[in-house]
Amino acid sequence: MKKLFITLAILLACAGIGELNAGNNLVVSILQSSQKPVGDGYTKDSQKVYFRGNVVQYANPGSFRNLGNGYAKDNFAVFYNGVRIPGASVDSFRVTQDGYAKDNIRTYYRGRDEKFKGEVTEDDYAQISPEEYCIYEGKVYYNAVEMEDADLDSFLVRDGQYAKDATNVYYSGKVLPGADSDSFESFYEGYAKDAQKVYYNGQEVVNGLSDSFDYINHGYARDGERVYYNGQEIVNAVPYSFEATNDGHAKGSNREYFEGQPVVGSTGSMEDLGDGYTRDEYKVFYNGNVLKDALKGSFKTLGDGYAVDAMSAYYKGVEIEDANPSMLENLGNGYAKDNRNRYYMGKIESENDIDDDESVSETVNEAVKKDNKQNR
């Protein structure tokens, strides 16, 4: 029973929860001392950090400091308006101006990757993994299990599940055997290295060359001799000319790749068209698969998976039967129309001709509202 009580207390402290009630039989309360202002709406006491009176989950009061413009950080994480920014690099994070900040991986706007340009909310991060490092009563824990070998004074969390102190490197709360703490650095998407080895998700990358290792993007990385995708070597890929674009797409000097696999028939002169579509000087592709009858010269994307060429229309790489490519218009939310039909996710929604744009928009909006209501 005592062990269960201690574990519950640790979980509460890590999650930033002040009080737990279960059938009015169990109440665990972590006493708060008077709060001290940190700035920009942040306050803290000896046990917790607050933003405008609400507990900041995952924040460590001992190392917590305000960075300005809503941003703050401790030795473990970075925050915006009281919400943790997943994946942000603590060491390299800095605030620039007017809601912007950056680390060695990306640029942020009001707490989110700048490409989203929106306010961060609690709902955005509702699926944060429960596997977290935290400090409770002078000890370091991972997923509520004490890390007995960890040195509190020098303990720092790195990107992903990596952490280190003056002596050891850790992955998911366990010592990473043979890793050198002094030279250890982590990248994004599970990659890390020290002076001798390269790692992916806590495992050594076979034949990885630490001195020339470079993280590219979207799961791709390289060293002086090889290219990797999710920690696995891509056979025959040439590192010096290799380039990752987005959503699993990449290209080398003579071939295109999708999720680490070579695209059959590609030449390496890939142009990223967006929405999973690419083309080289001969063919058009969708997620690495050739669109056999697509016309490269006139091919263009319309957004939300829709695309057209001079002869045909497509939705996520599949030709839309009887669609008029010259008149096809993306309406958003999976809907499109031409002068003959309207479509939902590439399928004909109605056989009726569409003459009244306002009527179509109202129909689409009603359908979207209905879908949203059913999903609540």
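Up top is the structure.
Read on for a plain summary of the structure. Keep in mind that this is a model prediction, so the values were computed, not measured.

**A look at the sheet that holds strand β38 (residues 300–303)**
Reading across from one edge, β38-β39-β40-β41 is the order of the four strands in this open sheet, with antiparallel pairing throughout. Looking at the sheet topology across the chains shown, the edges are occupied by β38 and β41 (318–319). As paired elements, strand β40 (residues 313–315) and β41 share two bridges and run antiparallel to each other. By the bridge assignment for β41, Tyr314 is matched with Glu319.

**Some thoughts on a negative patch on the surface**
On the surface, Asp293, Glu319, Glu321 and Asp322 cluster together into a negatively charged patch. Following the sequence through the fold, Asp293 ends up in the loop between β37 (289–290) and β38. On the basis of relative accessible area, Asp293 is assigned to the exposed category, the value being 62%.

**Overview of the pairing of strand β15 (residues 133–136)**
For β15 and strand β16 (residues 139–142), the ladder comprises four bridges, and the chain directions are antiparallel. If you follow Tyr133 over to β16, its bridge partner there is Tyr142. Two successive antiparallel strands, β15 and β16, enclose a turn made up of two residues, where Glu137 displays a positive phi of approximately 50 degrees.

**Focus: the side chain of Asn60**
Checked against the element boundaries, Asn60 lands in the loop between β6 (54–55) and β7 (65–68). A relative accessible area of 12% means that Asn60 is categorised as buried. Engagement of the side chain of Asn60 in a polar contact is seen with the side chain of Ser63, the distance being 3.1 Å. Asn60 has contacts with Val49, Asp74, Phe76 and Ile135, leaving out every residue within four places of it along the chain.

**Digging into the sheet that holds strand β20 (residues 169–171)**
Read from one edge to the other, the open sheet built from four strands follows the order β18-β19-β20-β21, with strand pairing classed as antiparallel. In this open sheet, the two edge strands, each paired with only one partner strand, are β18 (156–157) and β21 (174–175). By the bridge criterion, three bridges tie strand β19 (residues 162–164) to β20 in an arrangement that is antiparallel. Bridge assignment links Lys164 to a residue of β20, and that residue is Val169.

The rules behind the values
- Position numbers for residues start from 1 in each chain and track the written sequence from start to end.
- Reporting of local features is limited, given that this is a predicted model, to residues whose pLDDT is at least 70; pairs of side-chain atoms are given and counted only at 80 or more, and all residues count toward the totals for whole chains, interfaces and linings.
- Calculated side-chain values reflect all of the structure's heavy atoms, with hydrogen atoms and water omitted.
- One requirement defines pairing of two strands: DSSP has to find at least two bridges between them.
- Secondary structure counts use DSSP, requiring at least four H or I residues in a row for a helix and at least two E residues in a row for a strand, with both numbered from the N terminus.
- Residues enter a patch when their relative accessible area is above 30% and they make no salt bridge; the linking distance is 9 Å between like charges and 5 Å between nonpolar side chains (Val, Leu, Ile, Met, Phe, Trp, Tyr).
- Here the Shrake-Rupley method, with its probe set to 1.4 Å, supplies the accessible areas, and only the displayed protein chains count as covering residues.
- Only one rule defines a salt bridge in this text: a Lys or Arg side-chain nitrogen within 4 Å of an Asp or Glu carboxyl oxygen.
- Charge convention: Lys and Arg are scored as positive, Asp and Glu as negative, and His as well as the terminal groups of each chain are ignored.
- Taken as the charge centre is NZ of Lys, CZ of Arg, CG of Asp or CD of Glu, depending on the residue.
- Three labels apply to residues, based on accessible area from a 1.4 Å probe with only protein chains included: buried if under 20% of the type maximum, exposed if over 50%, partly exposed otherwise in between.
- Identification of polar contacts relies on pairs of N or O atoms within 3.5 Å, with a donor-acceptor requirement for protein atoms, meaning one able to donate a hydrogen and the other able to accept it, and with residues adjacent in sequence counted only if both atoms are side-chain atoms.
- In what follows, residue pairs with any heavy atoms lying within 4.5 Å of each other are defined as contacts.

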